[in-house]
Amino acid sequence: MKKFFRILLWTLVAAVFIGTFVYLYLNSKQKDIVYELVNPSTETIERTTVLTGKIEPRDEIEIKPQISGIINEVMVEAGDHVNAGDIIAKIKVIPEENQLSSAENRVKIAQISLEEAQKTYERTKALYDKKFESREKYESDEAAWRRSKEELAQAQDQLAIVRDGVSSSNAQGSNTLVRSTVTGIVLEVPVKVGTSVIQANTFNDGTTIAKVADMTDLIFKGKIDETEVDLISEGMNVKIAVGAVNGSNYEAVIEKIAPMATEDNGTNTFEVKAALTSQELSKLRAGYSANATVILEKADSVLAVPERVVEYTGDSAFVYVLTSEQPKQQFNKMPITTGITDGINVEIKNNGIDIDSRLRGYQQN
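**As for the overall build of the protein**
Counting its regular elements, the protein contains three helices and 22 strands. A burial count over the protein gives 32% of its 365 residues as buried. If you take every contact in the protein between residues at least 6 apart in sequence, the share linking residues at least 24 apart comes to 72%. As presented, the protein carries roughly 23,600 Å² of accessible surface, and 49% of it is formed by carbon and sulfur atoms.

**Considering the side chain of Ser 357**
Within the fold, Ser 357 resides in the loop between β21 (345-348) and β22 (359-364). For Ser 357, the contacting residues outside a window of four places in its chain are Val 38, Asn 39 and Pro 40.

**Overview of the nonpolar core**
If you look at the biggest cluster of nonpolar residues, it comprises 27 residues, and the most contacted ones within it are Phe 220, Ile 232 and Ile 240. If you list the elements that add at least two residues to this core, you get β2 (41-57), β11 (218-225), β12 (237-242), β13 (250-257), β15 (267-276) and β16 (289-306). Within the second largest apolar cluster, 16 residues are counted, among which are Ile 88, Ala 89, Val 178 and Val 197.

**What about the pattern of salt bridges?**
One pass over the structure, following the stated rule, counts 15 salt bridges. Lys 54 is the salt-bridge partner of Glu 56, the closest N and O atoms lying 3.7 Å from each other. On the basis of relative accessible area, Lys 54 is assigned to the partly exposed category, the value being 40%. Lys 221 is the partner of Glu 56 in a salt bridge, and the nearest nitrogen-oxygen pair spans 3.1 Å. Placement of Glu 56 in strand β2 and of Lys 221 in strand β11 is noted, with a sequence separation of 165 residues between them. A single salt-bridge network, built from bridges that share partners, covers Lys 54, Glu 56 and Lys 221.

**Some words on the side chain of Glu 347**
Structurally, the position occupied by Glu 347 is in strand β21. One buried charged residue, Glu 347, forms no salt bridge at all, with the nearest opposite charge on Lys 349 at 5.2 Å. Ignoring any residue separated from it by four or fewer positions in sequence, one finds Glu 347 in contact with Ile 45, Ala 299, Val 302, Leu 303, Ala 304, Thr 337, Thr 338, Gly 339 and Ile 340.

**Some thoughts on the sheet that holds strand β3 (residues 60-63)**
Judged by pairing direction, the sheet is antiparallel, and its four strands sit side by side in the order β3-β10-β8-β5 without closing on themselves. Pairing within the sheet leaves two strands with one partner each, and these edge strands are β3 and β5 (81-82). Pairing of strand β8 (residues 184-188) with strand β10 (residues 210-213) involves three bridges; the strand directions are antiparallel. Of the residues in β10, the one forming a bridge with Ile 185 is Ala 213.

**Topic: the packing of aromatic side chains**
Tallied over the full model, the rule gives one aromatic pair. Ring geometry for Tyr 35 against Phe 331: centres 5.8 Å apart, planes inclined by 90°, an arrangement best described as edge-to-face. In this pair, Tyr 35 sits in strand β1 (residues 34-38) while Phe 331 sits in strand β19 (residues 330-336), placing the two residues 296 residues apart along the sequence. Positioned above the aromatic ring of Phe 318 is the side chain of Lys 333, whose terminal nitrogen or guanidinium carbon lies 4.5 Å from the ring centre.

**Remarks on the sheet that holds strand β7 (residues 177-179)**
Across the sheet, four strands lie side by side as β7-β6-β4-β9; this open sheet has antiparallel pairing. Looking at which strands have only one partner, the edges of the open sheet turn out to be β7 and β9 (196-197).

**Points about the pairing of β10**
By the bridge criterion, four bridges tie β3 to β10 in an arrangement that is antiparallel. Note on β10: the bridge partner recorded for Ile 63 is Ala 210.

**Concerning the environment of Ala 261**
If you trace the backbone, Ala 261 turns up in the loop between β13 and β14 (262-264). In this structure the C-alpha to C-alpha distance between Ala 261 and Asp 225, which are 36 residues apart in sequence, comes to 9.1 Å. Aside from chain neighbours lying at most four places away, what touches Ala 261 is Asn 268, Thr 269 and Phe 270.

**Side note on the environment of Leu 303**
As for its placement among the helices and strands, Leu 303 is situated in strand β16. For the pair Leu 303 and Thr 44, spaced 259 residues apart in sequence, the C-alpha separation works out to 8.8 Å. With near-sequence residues (within four places) excluded, Leu 303 lies in contact with Pro 40, Ser 41, Val 346, Glu 347, Ile 348, Ile 353, Asp 354 and Ile 355.

Cut-off values and rules
- Residues numbered from 1 in each chain as written.
- Predicted model: local features only at pLDDT ≥ 70, side-chain atom pairs only at ≥ 80, totals over all residues.
- Heavy atoms only, no water.
- Helix = DSSP H or I, 4+ residues; strand = E, 2+ residues; numbered from the N terminus.
- Buried < 20%, exposed > 50% of the residue type's maximum accessible area, 1.4 Å probe, protein only.
- Contact = heavy atoms within 4.5 Å.
- Areas by Shrake-Rupley, 256 points an atom, 1.4 Å probe, with all protein chains shown as cover.
- Core = buried A, V, L, I, M, F, W, Y, C linked by side-chain atoms within 4.5 Å.
- Salt bridge = Lys/Arg side-chain N within 4 Å of Asp/Glu carboxyl O.
- Lys, Arg positive; Asp, Glu negative; His and termini not counted.
- Pairing = 2+ DSSP bridges.
- Phe/Tyr/Trp six-rings, centres within 6.5 Å; stacked < 30°, edge-to-face > 60°.
- Lys NZ or Arg CZ within 6 Å of the ring centre and 35° of its normal.

Put into structure tokens, the structure is as follows:
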């Protein structure tokens, strides 16, 4: 019995040894490499670049007051349509004490002058009627009386403007009525009732009451890298994709390229403006993020191959053309001249490759 188990043990050891040897031998044999085959095709290849930016109205107007004071009433809100001349807000004037006092004193002086001129005129008129005074004296005193009346009216009007901000002679044109200077959509109203506002002057830009823009005249404003700026020019067509509008593909034309670069995270970029020419702009809002696709180069109906089958060595490019499939694949390394590429397909310019050629692609397992 012991002899039987001993023979069995040695048999198992020999089987394991032989199996391991066979396994290692089979795995050490080099397998034939099989490559995916690719056929050249006729394609239209476009080299594009994408500019990131946003949608803006061409002209965004800030409406500012012509007088300082406190907002008494706001007549519009964001999204409203206004015409040039429409009232946007009303301002309550808080007069300065010095100006108010000066205006009141001017009224008092004008009243005294008027009373004096009126008495002189009445006395001269009485004497003139009795033929005791000359016509020249009468007309001079009458003119002085009329001037005094106008000076009093002017002083009272100035007092009304200082005190109330409203001219008694032209209440409709008062500076307390803030009006839109353009026709468009109200984009923003950064003030509310009770807000103190100041007029624009040499030392201050003034308080913005509202921002108004024509939303039918929109532009795309984006940036392009300095390595590609020489490939675009004014007048080129672009396609605008707005992230907030699904499936959007608005047409636009480049109308301005900045002459000077700006540094953006260590990279020099140039600002580009493109005017949207599409008719349907109702879905667009100011400030939408957008991407503009610009066609830098285009080749129509050219021979092309997938760029993954091209091998680059220095300034040279090669492809491997199938010469035999049996008993195993054999290829001929052929130099080619490439044209433009879109990152997927590349143009082949020379005639060494035809449409029926079969090229080596990826290795298949």
